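# Breakdown of the fold
Letter by letter, the chains look like this.
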Amino acid sequence: MNYGYVYILLATVFFSSMEVALKTVAYDFHPMQLNCTRFLVGGLLLVPFGIRALRKRGLSLDLAAWKGFAGLGFLGLVVSMMFYQVSILFVPASVVSVLFSCNPVLVLAFAFLILRTDILPQHIIALVLEVIGALVIIDPLHTSLNLFGVALVLVSAATFALYAVLGKKLCARYSGLAVTSFSCVAASAEMLLLIALSHIGPVADALHTVGLPLFADIPLFHGYTSNNFLTVLYICIFVTGGGYACYFMGMERTSPMQGSLVFFFKPVLAPLLAMTVLGENIAWNMWLGIGLILIASFISMLPTFHALHGIRHLHIHFPHHFHLPESLHFPHRKR
């Protein structure tokens, strides 16, 4: 049995339940407080996996590496996840999960603009469908959604996509798992620093003056109760630590294409969980938008699927002359 598919299934469940779990405790904690907690605990749980990935490559971390992790962590976890967490206060969890799932196509756009990677006709079609799907969900002419919350989700998705593109070189050198684990730790340290600064009198007064009272006097230990403690543990250990660990271990044992199925199924599973657990109403335009985003995701995956299928074909027919890269490993096929 290939346990890679089990890891992918677990990652799908953990990531799909993220918005529902966060929504249930969103009003108990400050957004930065909750993000700091979950990325600190989740990041520390991932550190052993990150160290193992570094050892496999014979690498160690220097000051330049930590600067890279700190910069990425600030963009993708401090900034992006702050917008994301605040958006959950204004918009239903199902909407947040689906709109944020648009970020893989935004990655294609940023990769083209920044890294000058080729963008295929399939990618353009997928991007157009993603935009149409998002507009169908938002329904700007008749929406009952909080547009401020919608804007926060979209900014969060865009900045997270930028984080993914800018982290490409670091991931190629240190591995995605190492970059994720150490970026989580670095981002947690940055959030702890920001929380500490928010309690300094002149800083807190200035934040109130400029209309940003949300970021003044940010609590660190306030809000934990016997009623929400297990949910917070689930968010930290399973959603953050376990989700990323299962995602990367699943890709190691299957392929990047199969690992991306996590984000293919998430837009469907997350709304179903929100409907079941939170009692959210999923309107017809939501399902239509989800369908368009799923089609867009499938189209955007087609070039990768064809490339990987071609590599596998060569590997099967010329096993002694063609060696698969470790990142494109496929399960053994019985003859």
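First things first, this report covers the structure right here in the doc. (Residues numbered from 1 in each chain as written. Predicted model: local features only at pLDDT ≥ 70, side-chain atom pairs only at ≥ 80, totals over all residues. Heavy atoms only, no water.)

## Here's the deal with unusual backbone geometry
Stated precisely, the cut-off is as follows: Counting from the N terminus, the helices are DSSP H or I runs at least four residues long and the strands are E runs at least two residues long.
Of note, serine 175 is a non-glycine position whose phi angle comes to about 90 degrees, a positive value. Mapping serine 175 onto the fold places it in the loop between helix H9 (168-174) and helix H10 (176-197).

## Notes on the packing of aromatic side chains
The line we're drawing: For Phe, Tyr and Trp, rings pair up if their centres lie within 6.5 Å, where Trp contributes its six-membered ring, and each pair is then called stacked (planes under 30 degrees apart), edge-to-face (over 60) or tilted (otherwise). Relative accessibility under 20% of the residue-type maximum defines a buried residue, over 50% an exposed one, and the middle range a partly exposed one, all with a 1.4 Å probe and only protein chains included.
For the structure on display, the rule yields 15 aromatic pairs. Ring plane angle 75 degrees and centroid distance 6.4 Å describe the contact between phenylalanine 14 and tyrosine 234, whose orientation is recorded as edge-to-face. Note that phenylalanine 14 is positioned in helix H1 (residues 4-16) and tyrosine 234 in helix H12 (residues 229-253), a separation of 220 residues in sequence. For tyrosine 234, a relative accessible area of 25% corresponds to the partly exposed category. Members of the aromatic cluster, each reached through a chain of ring pairs, are Phe15, Tyr244, Tyr247 and Phe248.

## Quick notes on the pattern of salt bridges
The condition that has to hold: Here a salt bridge means any side-chain nitrogen of Lys or Arg lying within 4 Å of a carboxyl oxygen belonging to Asp or Glu.
Evaluated as defined, the whole model comprises one salt bridge. Of the charged contacts in the structure, one is a salt bridge between lysine 266 and glutamate 19, with a shortest N-O distance of 2.9 Å. Placement of the pair is lysine 266 in helix H14 (residues 261-278) and glutamate 19 in helix H2 (residues 18-25), with a sequence separation of 247 residues. With a relative accessible area of 4%, lysine 266 lands in the buried category.

## Re the packing of helix H5 (residues 93-100) against helix H7 (residues 121-138)
Relative placement of two packed helices is described by the angle separating their axes and the distance separating the axes. For clarity, the threshold we go by: Only the contacting stretch of a helix is used when fitting its axis, a line to C-alpha atoms as for every element, and angles between N-to-C directions run 0 to 180 degrees. Roughly parallel covers angles under 35 degrees, roughly antiparallel covers those over 145, roughly perpendicular covers 65 to 115, and oblique covers all other angles. For any pair of crossing helices, the crossing counts as left-handed if the nearer helix is rotated counterclockwise from the farther one by less than a right angle, and right-handed if it is rotated clockwise. Here, residues are in contact when the closest pair of their heavy atoms is within 4.5 Å. Amino acids are sorted into nonpolar (Ala, Val, Leu, Ile, Met, Phe, Trp, Tyr, Cys and Pro), charged (Asp, Glu, Lys and Arg) and polar (every other residue, Gly among them).
Their axes nearest at 10 Å, the elements H5 and H7 cross at an angle of 165 degrees. When the axis of H5 is compared with that of H7, the two are roughly antiparallel. As for the relative orientation of H5 and H7, their crossing is left-handed in sense. Where H5 approaches H7, its residues Val95, Val98 and Leu99 are matched on the opposing element by Ala134, Ile137 and Ile138. Residue classes in the contact of H5 with H7 are distributed as six nonpolar, no polar and no charged.

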